[in-house]
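Below are the chains, spelled out letter by letter.
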Amino acid sequence: MHPFELGVVCEVFGLDRSDEGLPVYDFAVASAEGPTLSTHAGFTVGTEHGLERLETADLIAVPAGQTYTDREYPPELLAALRRAVERGARVLSVCSGAFVLAAAGLLDGRRCAVHWRHADELARRYPRVRVEPDVLYVDEGPVITSAGTAAGIDACLHLVREEHGPEVANAIARRMVVPPHRDGGQAQYIERPLPRSRCDTVGEVLVWMERHLDEEVTVEQLAERAHMSPRTFARRFQQETGTTPYRWILRQRVLLAQQLLEATDETMDAIAWRTGFGNAAALRHQFVRSLGTTPQAYRRTFKGPEAA
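- Going by the annotation in an unreviewed UniProt entry, the name recorded for the protein chain is AraC family transcriptional regulator, with Streptomyces lacrimifluminis given as the source organism.

Written as structure tokens, this is what we have:
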């Protein structure tokens, strides 16, 4: 198992903060495969609790594990999770822990979050699961799923907020020195350069488009540059890039805006002009639509405190 993801759950629910007037949970770590848990970091963790501990739990959290994306799970574990939900308990997964919940059938027909690197695999292995690749966490009734690593903190604090209100969640967040709520989703953390393979006939046009993102161009102009009819060019472009010229250039503009927000102190209007959006309002609209967060929030996250 991954110690950080387990540590997130321990930090939120396993510490006694009664001296600050905060709730105390009857917390325990349980194992389905013996008292010694191995970690990918090279050390082990011991616990005295087995699956019997799940029978009385109100919340069962499943952290991430090294091979969770392609392993088989003990049938008694999956049955215990199903029984827990049937009697009214909640289950929460962190990162690849979602694969355990999916194997138990608890995500069938439900939306769920998982680390963006595992989203395609989860959807492929469990087609009845509605994977949301861009969000930090999803709360679907008794089942809460979160994306990679630190998104587990967001999901745990969300659950505290639901149960005890914002004051308690904010107090725990302050103790952990983390924000009680983060803007946006995990889309802003995904590196998604568009594929260049198989671009045999439109490759030169792609290079030109990338160098002229600040210009407004039409399909007719691009087709003329590629020495094709607009209809043929649009068809070839879709075949070789998997998207339309409009969506391709829009994604490239957002990528360039991300780079400028991270690496420069240019104003929003200057970035909007350089990326072809024209003005800060249009930049903000397309940025939020693509990444789920504002350019200002993105800059604060990835450029550091001096950008605030």
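1. Some points on the UniProt feature "domain: HTH araC/xylS-type" (unreviewed entry) in the protein chain
Argument step 1. The residues that UniProt annotates with the feature "domain: HTH araC/xylS-type" (unreviewed entry) are residues 203–301.
Argument step 2. Across residues 203–301, the secondary structure splits into 74% helix and 0% strand, with the terminal C-alpha atoms separated by 34 Å.

2. Let's talk about the pattern of salt bridges
Argument step 1. Scanning the model with the defined rule gives 12 salt bridges in all.
Argument step 2. The salt bridge partner of E20 is R175, with a shortest N-O separation of 2.2 Å. With E20 in the loop between helix 1 (3–13) and strand 1 (36–38) and R175 in helix 6 (residues 166–176), this residue pair connects regions lying 155 residues apart in the sequence.
Argument step 3. Look at R175 and you get partly exposed, because its relative accessible area is 38%.
Argument step 4. E163 is paired through a salt bridge with R90; the nearest N and O atoms lie 3.2 Å apart. You can see E163 sitting in helix 5 (residues 151–164) and its partner R90 sitting in strand 4 (residues 90–94), a full 73 residues away along the chain.
Argument step 5. Salt bridges sharing common partners tie together R111, E132 and E140.

Cut-offs used in this document
- Residues numbered from 1 in each chain as written.
- Predicted model: local features only at pLDDT ≥ 70, side-chain atom pairs only at ≥ 80, totals over all residues.
- Heavy atoms only, no water.
- UniProt positions renumbered as here; feature names shortened; annotations may be inferred.
- Helix = DSSP H or I, 4+ residues; strand = E, 2+ residues; numbered from the N terminus.
- Salt bridge = Lys/Arg side-chain N within 4 Å of Asp/Glu carboxyl O.
- Buried < 20%, exposed > 50% of the residue type's maximum accessible area, 1.4 Å probe, protein only.

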